[in-house]
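These are the residues of each chain, in order.
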Amino acid sequence: MTNRRSFIRKSSLLLAASTFPLSSFMIPQKKEKLGVALVGLGYYSRDLLAPALQLTKHCELKGIVTGSPEKIPVWQEKYGIESRNIYNYDNMHEISNNDEIDVVYIVLPNALHKKYTLIAANAGKHVWCEKPMALSVKECQDMIDSCHKNNVQLTIGYRLQHEPVTQSIIKMSQSKPYGNIQSLYAEAGFHNSARNHEHWKLHKTLGGGAMMDMGVYPLNAVRYATGLEPLAVSAKIENSRPEILTADETTFFKLEFPDGITANCKTTFAENINKLKVDCERGWYQLKPMQSYRGVTGETSDGKKFTPFNGNQQANQMDDDSLAIMKNNSPLVPGEEGLRDVRVVEAIFESASKDGKRILI
Ligand code: NAD
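Since the structure is predicted, the reported quantities are computational estimates derived from the model, not experimental observations. (Residues numbered from 1 in each chain as written. Predicted model: local features only at pLDDT ≥ 70, side-chain atom pairs only at ≥ 80, totals over all residues. Heavy atoms only, no water.)

## Thoughts on the overall build of the protein chain
Next up, step 1: When helices and strands are tallied, the protein chain shows 9 helices and 15 strands.
Next up, step 2: Since a compact globule built from 361 residues should have a radius of gyration of about 21 Å, the 21 Å found for the protein chain is in line with a globular shape.
Next up, step 3: Principal axes of the C-alpha set define a box for the protein chain whose edges measure 65 × 50 × 35 Å.
Next up, step 4: Across the 361 residues that make up the protein chain, the buried fraction comes to 53%. (Helix = DSSP H or I, 4+ residues; strand = E, 2+ residues; numbered from the N terminus. Rg over C-alpha atoms; globule rule 2.2 N^0.38 Å. Buried < 20%, exposed > 50% of the residue type's maximum accessible area, 1.4 Å probe, protein only.)

## Describing the packing of aromatic side chains
Centre-to-centre distance and the angle between the planes together describe a pair of aromatic rings.
Next up, step 1: Inspection of the entire model under this criterion finds 6 aromatic pairs.
Next up, step 2: With 5.5 Å between their ring centres and 50° between their planes, Trp75 and Tyr79 make a pair best called tilted. You can see Trp75 and its partner Tyr79 sitting in helix H3 (residues 71–79), 4 residues apart, about one turn around the helix.
Next up, step 3: For Trp75, a relative accessible area of 6% gives the class buried. (Phe/Tyr/Trp six-rings, centres within 6.5 Å; stacked < 30°, edge-to-face > 60°.)

## Some words on the sheet that holds strand E2 (residues 59–65)
Working definition: the strands of a sheet are paired by backbone hydrogen bonds and lie parallel or antiparallel to each other.
Next up, step 1: An order of E3-E2-E1-E4-E5-E6 is seen for the 6 strands of this open sheet, with the pairing classed as parallel. For this open sheet the edge positions go to strand E3 (86–87) and strand E6 (154–156), each flanked by a neighbour on one side alone. (Pairing = 2+ DSSP bridges.)

## Regarding the side chain of Arg159
Next up, step 1: Secondary-structure assignment places Arg159 in the loop between E6 and helix H6 (164–175).
Next up, step 2: Although Arg159 is buried, it makes no salt bridge; Glu130 carries the closest opposite charge, 6.8 Å away.
Next up, step 3: Only 3.1 Å separates the side chain of Arg159 from the backbone oxygen of Gln291, close enough to count as a polar contact.
Next up, step 4: When sequence neighbours within four positions are dropped, the list of residues in contact with Arg159 reads Tyr44, Tyr217, Gln291, Ser292, Tyr293, Gln313, Gln314 and Gln317. (Lys, Arg positive; Asp, Glu negative; His and termini not counted. Salt bridge = Lys/Arg side-chain N within 4 Å of Asp/Glu carboxyl O. Polar contact = N/O pair within 3.5 Å; in protein donor to acceptor, adjacent residues only side chain to side chain. Contact = heavy atoms within 4.5 Å.)

## Here's the deal with the sheet that holds strand E11 (residues 273–280)
Next up, step 1: Ordered in space as E14-E13-E12-E11-E7-E10-E9-E8-E15, the 9 strands form an open sheet in which the pairing is mixed. Either end of the sheet is taken by a strand with one partner, and the two such strands are strand E14 (305–306) and strand E15 (359–360).
Next up, step 2: Relative to strand E12 (residues 283–287), E11 runs antiparallel, the two being bridged by 5 bridges. Its bridge partner lying in E12, Val278 is registered against Tyr285.
Next up, step 3: Along the sheet face, H6 touches E11, E12 and E14 and points at about 150° away from the line of E12.
Next up, step 4: On top of the sheet, helix H9 (residues 335–353) reaches strand E8 (232–238), strand E9 (250–256) and E15; it is set at about 60° to E8, its chief contact. (Axes fitted to C-alpha atoms, helices over the stretch in contact; angles between N-to-C directions.)

## A look at the site of the ligand
Next up, step 1: Taken together, 23 residues are adjacent to the ligand, and Tyr43, Asn110, Lys131, Arg159 and Trp200 come closest.
Next up, step 2: Within the side chain of Tyr217, a nitrogen or oxygen atom sits 3.0 Å from an oxygen atom of the ligand.
Next up, step 3: Among the elements of the structure, helix H2 (43–52) and helix H7 (210–226) are those that each provide at least two residues to the shell around the ligand.
Next up, step 4: By residue class, the composition of the shell around the ligand is 12 nonpolar, 5 polar and 6 charged. (Near = heavy atom within 4 Å. Nonpolar A, V, L, I, M, F, W, Y, C, P; charged D, E, K, R; others polar.)

## Things to note about helix H5 (residues 137–149)
Next up, step 1: Across its 13 residues, H5 extends 18 Å between first and last C-alpha, which sits within 8% of the 18 Å expected from 1.5 Å per residue.
Next up, step 2: Along H5, the residues that are buried comprise Val137, Glu139, Cys140, Met143, Ile144, Ser146 and Cys147.
Next up, step 3: As for H5, its buried residues are in contact with helix H4 (113–122), strand E5 (126–129), E6 and H9.
Next up, step 4: Phi turns positive one or two residues past the end of H5, at Asn151, with a value near 60°. (Expected span 1.5 Å × (residues − 1).)

## Some details on the packing of H5 against H9
In a pair of packed helices, the angle between the axes and the distance between the axes together describe the arrangement.
Next up, step 1: The contact between H5 and H9 brings their axes to 9 Å, and the two run at 170°. Relative to H9, H5 is oriented roughly antiparallel. Contacts from Val137, Cys140, Gln141 and Ile144 of H5 reach H9 at Gly335, Glu336, Leu339, Val342, Arg343 and Glu346.
Next up, step 2: Taken together, the residues of the contact of H5 with H9 break down into 5 nonpolar, 2 polar and 3 charged. (Parallel < 35°, antiparallel > 145°, perpendicular 65-115°, else oblique.)

## As for the state of the cysteines
Next up, step 1: Counted according to the given criterion, the structure contains 0 disulfides.
Next up, step 2: Between Cys129, a cysteine without a disulfide, and Cys140, which holds the nearest cysteine sulfur, the sulfur-to-sulfur distance is 8.4 Å.
Next up, step 3: Here Cys280 is not disulfide-linked; the sulfur of Cys265 is the nearest cysteine sulfur, at 15 Å. (Disulfide = S-S within 2.5 Å.)

## With respect to the side chain of Lys131
Next up, step 1: As for its placement among the helices and strands, Lys131 is situated in the loop between E5 and H5.
Next up, step 2: At a separation of 2.8 Å, a polar atom in the side chain of Lys131 contacts the main-chain carbonyl oxygen of Asp213.
Next up, step 3: Among all residues touching Lys131, those that are not within four sequence positions of it are Asn110, His113, Ile156, Gly157, Tyr158, Met212, Asp213, Val216 and Tyr217.

Below you can see the structure in the form of structure tokens.
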């Protein structure tokens, strides 16, 4: 039984039972670093998260879950992962018996986020899940409920909310240095050459498409830059490669916020774009790029520059999320935040399917 529980829950259990005599050998040692298992060893795990986990102070790469046996020796060689900490998708639930793994990080195609979050939560492990959280509000709610029921944390991999320049933009929504915000423009996209026609990012049923992949950046940005939730949306989709892309290639969406604030947003797989601009009563500020791994930077209308953060964004995010678990604090980006974006994404797709009809959120 006890080996199903994270050390945090063991510690609190023992604290609660501290009136009873316990032999010292029964008291679990508090770990200095949480053990993380990456689920899905594609681009983001391989190129960003695993290297970042070599820099983290409060967590470390301990395990992997993969359906590709040929990747195992490569990862073992590179990161010294013990054979006992390697799982596939069929036996992943057995991670419940592994005290070396505290957190399971879901880095799979979006359509699989819910399924594997539930397996991890039911195994008693804290869950970090990549953005977008899932394909529907219903899926997101199921993930939140499952983690709640299993008493584990659920956080979404919105690395920018942990990033210092972005955090200064978030603070400006409250301090209003240029007066009230009037309108915003946000865009994120890249040229997806779509060479591999089978790749899940091109297909709607697997959670692909520009909106799901890149569109959550401008959407999340205009929400965090205003500190407000949108009330209505109208949207339009364009697709110049329908023979390859069964999901959206370019999506435009206009959000209406309280106090007459509007946000025009664009996301695409057809060109490289990356910007957030906030227009206020007495000036403006912008981030360009607003979501690059190599540094978010920007300027204000009166010539001030934002100094880029020179740390590793993913390490910064995972350390914040580890501390939240260790201290039993609420995470910065809980599942509820992922759900809020997915609720708007559903409205965007509904509007686009109805010729841009204004949809109340
Ligand atoms: P990827 O295609 O490179 O990797 C996906 C992995 O899932 C592959 O290893 C693949 O083998 C595996 N997989 C398991 N079951 C699969 C199935 N049924 N179909 C297809 N693949 C399957 O994708 P990625 O770019 O690494 O994206 C993974 C997740 O990470 C996505 O949710 C994506 O949105 C997110 N992501 C986040 C960021 C960020 O900055 N936060 C950046 C990139 C990707």
